[in-house]
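Chain by chain, the residues:
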Amino acid sequence: MDWKEEYKNALLDITDNPPDIRKIIKPHIPLKLYKYGSFQSNYWKDVIYKANIHLSSANIFNDPFDCKANFDYQKVINKGKFRKRLLKMFPEDELKSIPKEIIQKDVIEGMRQDVYVFCFSEVWNSILMWAHYANNYNGFCIEYDTSKIRDHILYNLYPVLYEKVYFDITDNLIDYNKNTGMICNLAKAQDWSYEKEWRIVEYSDHPIYVRKALKAIHLGKNCPQIIRDEIFQWARENSKEVYSIYPSNTQYKLERNREI
(Lines give C-alpha, C1' and ligand atoms only; values in the text may rest on other atoms or scores of the structure.)
Protein backbone atom coordinates (compact mmCIF):
# COMPACT_ATOMS: atom_id res chain seq x y z
CA MET A 1 0.00 0.00 0.00
CA ASP A 2 1.22 3.48 -0.87
CA TRP A 3 2.18 5.40 2.28
CA LYS A 4 -0.17 8.28 1.42
CA GLU A 5 -3.06 5.79 1.26
CA GLU A 6 -1.97 4.34 4.59
CA TYR A 7 -1.85 7.86 6.00
CA LYS A 8 -5.35 8.68 4.73
CA ASN A 9 -6.74 5.44 6.13
CA ALA A 10 -5.19 6.20 9.49
CA LEU A 11 -6.83 9.64 9.56
CA LEU A 12 -10.21 8.09 8.78
CA ASP A 13 -9.80 5.15 11.17
CA ILE A 14 -12.78 5.14 13.56
CA THR A 15 -11.35 2.95 16.30
CA ASP A 16 -10.43 4.31 19.72
CA ASN A 17 -6.77 3.61 18.96
CA PRO A 18 -6.12 4.51 15.31
CA PRO A 19 -2.68 3.88 13.78
CA ASP A 20 0.05 6.30 14.80
CA ILE A 21 0.05 8.92 12.03
CA ARG A 22 3.46 10.24 13.05
CA LYS A 23 5.10 6.85 12.44
CA ILE A 24 3.60 6.77 8.95
CA ILE A 25 4.66 10.31 8.06
CA LYS A 26 8.12 10.61 9.62
CA PRO A 27 10.11 8.46 7.12
CA HIS A 28 8.66 10.47 4.23
CA ILE A 29 9.29 14.04 5.38
CA PRO A 30 11.25 15.70 2.54
CA LEU A 31 14.82 16.72 3.31
CA LYS A 32 14.00 20.16 1.92
CA LEU A 33 10.78 22.16 2.02
CA TYR A 34 10.03 25.54 0.47
CA LYS A 35 7.93 28.59 1.21
CA TYR A 36 6.88 31.10 -1.46
CA GLY A 37 6.29 34.69 -0.43
CA SER A 38 5.92 38.29 -1.49
CA PHE A 39 7.92 41.35 -0.49
CA GLN A 40 4.57 43.15 -0.31
CA SER A 41 3.79 41.17 2.83
CA ASN A 42 4.07 42.96 6.16
CA TYR A 43 5.94 39.95 7.52
CA TRP A 44 8.61 39.28 4.92
CA LYS A 45 11.52 40.60 6.97
CA ASP A 46 10.50 38.48 9.95
CA VAL A 47 10.02 35.45 7.71
CA ILE A 48 13.49 35.82 6.15
CA TYR A 49 15.74 37.65 8.59
CA LYS A 50 14.32 36.12 11.77
CA ALA A 51 13.29 32.78 10.20
CA ASN A 52 9.85 33.22 11.71
CA ILE A 53 7.27 30.70 10.58
CA HIS A 54 4.19 32.92 10.59
CA LEU A 55 1.06 30.86 11.19
CA SER A 56 -2.15 31.89 9.41
CA SER A 57 -5.73 31.25 10.47
CA ALA A 58 -7.44 28.48 8.50
CA ASN A 59 -10.49 30.73 8.26
CA ILE A 60 -8.77 33.08 5.82
CA PHE A 61 -7.64 30.55 3.20
CA ASN A 62 -8.09 31.78 -0.35
CA ASP A 63 -9.55 28.43 -1.46
CA PRO A 64 -13.21 28.10 -0.31
CA PHE A 65 -12.94 24.31 -0.69
CA ASP A 66 -9.92 24.00 1.59
CA CYS A 67 -10.54 21.97 4.75
CA LYS A 68 -13.96 20.78 3.60
CA ALA A 69 -15.60 17.45 4.44
CA ASN A 70 -19.01 15.82 4.18
CA PHE A 71 -21.19 13.70 6.47
CA ASP A 72 -24.63 12.12 6.70
CA TYR A 73 -26.57 14.45 8.95
CA GLN A 74 -29.36 11.99 9.80
CA LYS A 75 -26.90 9.37 10.98
CA VAL A 76 -24.86 11.65 13.21
CA ILE A 77 -27.91 13.10 14.98
CA ASN A 78 -29.30 9.65 15.74
CA LYS A 79 -26.38 8.04 17.56
CA GLY A 80 -22.87 8.35 18.80
CA LYS A 81 -20.61 10.88 20.47
CA PHE A 82 -21.43 13.74 18.13
CA ARG A 83 -25.14 13.42 18.96
CA LYS A 84 -24.23 13.91 22.61
CA ARG A 85 -22.35 17.09 21.68
CA LEU A 86 -25.36 18.38 19.74
CA LEU A 87 -27.70 17.67 22.64
CA LYS A 88 -25.65 20.04 24.76
CA MET A 89 -26.49 22.81 22.27
CA PHE A 90 -30.04 21.94 21.14
CA PRO A 91 -33.12 20.30 22.71
CA GLU A 92 -33.63 16.79 21.36
CA ASP A 93 -37.01 17.61 19.79
CA GLU A 94 -35.37 20.36 17.72
CA LEU A 95 -32.51 18.35 16.24
CA LYS A 96 -34.42 16.92 13.29
CA SER A 97 -35.97 20.26 12.44
CA ILE A 98 -32.68 22.14 12.15
CA PRO A 99 -31.73 22.41 8.46
CA LYS A 100 -28.88 19.99 7.82
CA GLU A 101 -27.00 22.68 5.88
CA ILE A 102 -26.72 24.74 9.05
CA ILE A 103 -25.31 21.87 11.10
CA GLN A 104 -22.94 20.80 8.35
CA LYS A 105 -21.67 24.35 7.90
CA ASP A 106 -21.24 24.84 11.65
CA VAL A 107 -19.42 21.53 12.06
CA ILE A 108 -16.92 22.10 9.27
CA GLU A 109 -16.32 25.73 10.19
CA GLY A 110 -15.98 24.68 13.81
CA MET A 111 -13.15 22.35 12.86
CA ARG A 112 -11.36 25.31 11.27
CA GLN A 113 -11.80 27.53 14.31
CA ASP A 114 -8.61 28.13 16.28
CA VAL A 115 -6.58 26.27 13.67
CA TYR A 116 -3.38 27.94 12.46
CA VAL A 117 -1.19 26.68 9.65
CA PHE A 118 2.05 27.31 7.82
CA CYS A 119 2.21 25.91 4.31
CA PHE A 120 5.32 24.50 2.63
CA SER A 121 5.90 23.00 -0.80
CA GLU A 122 8.19 20.18 -1.86
CA VAL A 123 9.38 22.21 -4.86
CA TRP A 124 11.08 25.55 -5.52
CA ASN A 125 10.45 25.63 -9.28
CA SER A 126 6.67 25.70 -9.63
CA ILE A 127 5.75 28.11 -12.43
CA LEU A 128 2.25 28.56 -10.99
CA MET A 129 3.33 29.14 -7.39
CA TRP A 130 5.90 31.74 -8.42
CA ALA A 131 3.06 33.56 -10.16
CA HIS A 132 0.41 33.09 -7.45
CA TYR A 133 2.33 33.32 -4.16
CA ALA A 134 5.50 35.20 -5.10
CA ASN A 135 3.84 38.22 -6.67
CA ASN A 136 4.44 37.33 -10.31
CA TYR A 137 8.13 36.56 -9.81
CA ASN A 138 8.76 39.73 -7.82
CA GLY A 139 8.93 37.72 -4.61
CA PHE A 140 10.96 34.94 -3.04
CA CYS A 141 11.04 31.27 -2.15
CA ILE A 142 12.76 30.13 1.05
CA GLU A 143 14.49 26.76 1.29
CA TYR A 144 14.41 24.95 4.65
CA ASP A 145 16.55 22.01 5.71
CA THR A 146 14.07 19.84 7.60
CA SER A 147 16.85 17.91 9.36
CA LYS A 148 17.51 21.12 11.32
CA ILE A 149 13.90 21.75 12.34
CA ARG A 150 13.24 20.79 15.94
CA ASP A 151 11.31 17.58 16.53
CA HIS A 152 8.45 19.23 18.42
CA ILE A 153 7.79 21.38 15.32
CA LEU A 154 8.03 18.45 12.91
CA TYR A 155 5.55 16.61 15.11
CA ASN A 156 2.83 18.93 13.77
CA LEU A 157 3.91 18.67 10.12
CA TYR A 158 1.52 16.82 7.78
CA PRO A 159 1.26 16.23 4.03
CA VAL A 160 -1.88 17.56 2.37
CA LEU A 161 -4.19 15.02 0.72
CA TYR A 162 -5.61 15.91 -2.70
CA GLU A 163 -9.04 14.43 -3.39
CA LYS A 164 -11.77 14.41 -6.05
CA VAL A 165 -14.59 14.45 -3.46
CA TYR A 166 -14.87 15.61 0.15
CA PHE A 167 -13.92 13.11 2.83
CA ASP A 168 -17.00 11.43 4.30
CA ILE A 169 -16.52 11.81 8.06
CA THR A 170 -19.89 10.39 9.14
CA ASP A 171 -18.39 7.45 11.04
CA ASN A 172 -15.68 9.66 12.49
CA LEU A 173 -18.25 12.05 13.94
CA ILE A 174 -20.29 9.19 15.38
CA ASP A 175 -17.24 7.73 17.13
CA TYR A 176 -15.30 11.01 17.40
CA ASN A 177 -11.77 9.79 18.02
CA LYS A 178 -8.66 11.94 18.32
CA ASN A 179 -8.15 12.35 14.55
CA THR A 180 -11.63 13.62 13.70
CA GLY A 181 -10.81 17.31 13.98
CA MET A 182 -7.57 16.91 12.03
CA ILE A 183 -9.11 15.35 8.90
CA CYS A 184 -10.66 18.56 7.61
CA ASN A 185 -7.42 20.51 7.98
CA LEU A 186 -5.49 18.30 5.57
CA ALA A 187 -7.72 17.95 2.52
CA LYS A 188 -7.74 19.96 -0.72
CA ALA A 189 -9.10 19.54 -4.23
CA GLN A 190 -6.96 17.59 -6.71
CA ASP A 191 -6.63 20.75 -8.80
CA TRP A 192 -4.08 21.98 -6.22
CA SER A 193 -1.93 18.84 -6.28
CA TYR A 194 0.86 20.63 -8.17
CA GLU A 195 1.63 22.49 -4.92
CA LYS A 196 2.85 19.27 -3.24
CA GLU A 197 1.97 20.88 0.05
CA TRP A 198 2.95 20.06 3.62
CA ARG A 199 1.43 21.90 6.57
CA ILE A 200 2.35 22.70 10.12
CA VAL A 201 -0.98 22.60 11.95
CA GLU A 202 -1.23 24.23 15.37
CA TYR A 203 -4.13 25.17 17.64
CA SER A 204 -2.73 28.45 18.87
CA ASP A 205 -1.13 31.39 17.10
CA HIS A 206 2.38 31.57 18.50
CA PRO A 207 5.78 32.41 17.03
CA ILE A 208 7.96 29.61 15.65
CA TYR A 209 11.57 30.24 14.71
CA VAL A 210 13.72 27.98 12.54
CA ARG A 211 16.94 29.96 12.06
CA LYS A 212 19.19 26.92 11.68
CA ALA A 213 16.84 25.33 9.16
CA LEU A 214 16.64 28.33 6.84
CA LYS A 215 19.24 27.44 4.23
CA ALA A 216 18.64 29.58 1.14
CA ILE A 217 16.58 32.30 -0.51
CA HIS A 218 15.44 32.11 -4.12
CA LEU A 219 14.70 35.50 -5.69
CA GLY A 220 12.25 35.88 -8.55
CA LYS A 221 13.43 37.25 -11.87
CA ASN A 222 11.45 40.47 -11.27
CA CYS A 223 12.71 41.06 -7.73
CA PRO A 224 13.56 44.79 -7.32
CA GLN A 225 17.29 45.48 -7.29
CA ILE A 226 17.15 47.40 -3.99
CA ILE A 227 15.67 44.35 -2.24
CA ARG A 228 18.06 42.01 -4.06
CA ASP A 229 21.03 44.01 -2.75
CA GLU A 230 19.61 43.94 0.79
CA ILE A 231 19.10 40.17 0.68
CA PHE A 232 22.64 39.66 -0.68
CA GLN A 233 24.14 41.63 2.21
CA TRP A 234 22.09 39.73 4.79
CA ALA A 235 23.02 36.37 3.23
CA ARG A 236 26.76 37.14 3.31
CA GLU A 237 26.55 38.19 6.96
CA ASN A 238 24.56 35.10 7.95
CA SER A 239 26.11 32.39 5.75
CA LYS A 240 22.96 31.75 3.72
CA GLU A 241 22.69 30.83 0.06
CA VAL A 242 20.95 33.02 -2.53
CA TYR A 243 19.69 31.88 -5.91
CA SER A 244 18.23 33.82 -8.83
CA ILE A 245 15.30 32.22 -10.65
CA TYR A 246 14.95 32.54 -14.41
CA PRO A 247 13.00 30.83 -17.22
CA SER A 248 14.70 28.17 -19.30
CA ASN A 249 15.59 29.19 -22.84
CA THR A 250 14.34 25.91 -24.32
CA GLN A 251 11.63 24.47 -22.04
CA TYR A 252 8.62 25.51 -19.98
CA LYS A 253 10.55 25.22 -16.74
CA LEU A 254 12.43 27.34 -14.22
CA GLU A 255 16.13 27.21 -13.59
CA ARG A 256 18.27 28.79 -10.90
CA ASN A 257 21.71 30.31 -10.58
CA ARG A 258 23.53 30.55 -7.28
CA GLU A 259 24.57 34.11 -6.46
CA ILE A 260 25.99 33.62 -2.96
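Residues numbered from 1 in each chain as written. Predicted model: local features only at pLDDT ≥ 70, side-chain atom pairs only at ≥ 80, totals over all residues. Heavy atoms only, no water.

A. Focus on the pairing of strand 13 (residues 214–219). In terms of burial, strand 13 is largely enclosed, as five of its six residues are buried. Bridge count for strand 6 (residues 140–145) against strand 13 is five bridges, and the pairing is antiparallel. If you follow I142 over to strand 13, its bridge partner there is I217. Both strand 13 and strand 14 (residues 241–247) contribute to a ladder of four bridges, which runs parallel. Following the sheet pairing, L219 is matched in strand 14 by S244. As for the winding sense of the linkage, the β-α-β connection from strand 13 through helix 12 (residues 225–238) to strand 14 is right-handed. (Buried < 20%, exposed > 50% of the residue type's maximum accessible area, 1.4 Å probe, protein only. Helix = DSSP H or I, 4+ residues; strand = E, 2+ residues; numbered from the N terminus. Pairing = 2+ DSSP bridges. Right-handed = clockwise from strand over helix to strand, strands pointing away.)

B. Molecular detail of the pairing of strand 11 (residues 197–202). Counting buried positions along strand 11 yields six of six residues, so the element is predominantly enclosed. For strand 5 (residues 116–121) and strand 11, the ladder comprises six bridges, and the chain directions are antiparallel. Bridge pairing in strand 11 places V117 opposite V201. Sheet topology note: the strand 7 (residues 157–159)/strand 11 ladder contains three bridges and is antiparallel. Pairing of P159 across the sheet is with W198, part of strand 11.

C. Region of the structure containing the environment of S244. By secondary structure assignment, the location of S244 is in strand 14. When the C-alpha atoms of S244 and I217 are compared, they prove to be 8.6 Å apart, with 27 residues separating the residues in sequence. Non-local contacts of S244, meaning those with residues more than four positions away in its chain, are made with L219, R228, E255, R256, N257 and E259. At 2.9 Å, the side chain of S244 and the side chain of R228 are in polar contact. A distance of 2.7 Å separates the side chain of S244 from the side chain of E259, its partner in a polar contact. (Contact = heavy atoms within 4.5 Å. Polar contact = N/O pair within 3.5 Å; in protein donor to acceptor, adjacent residues only side chain to side chain.)

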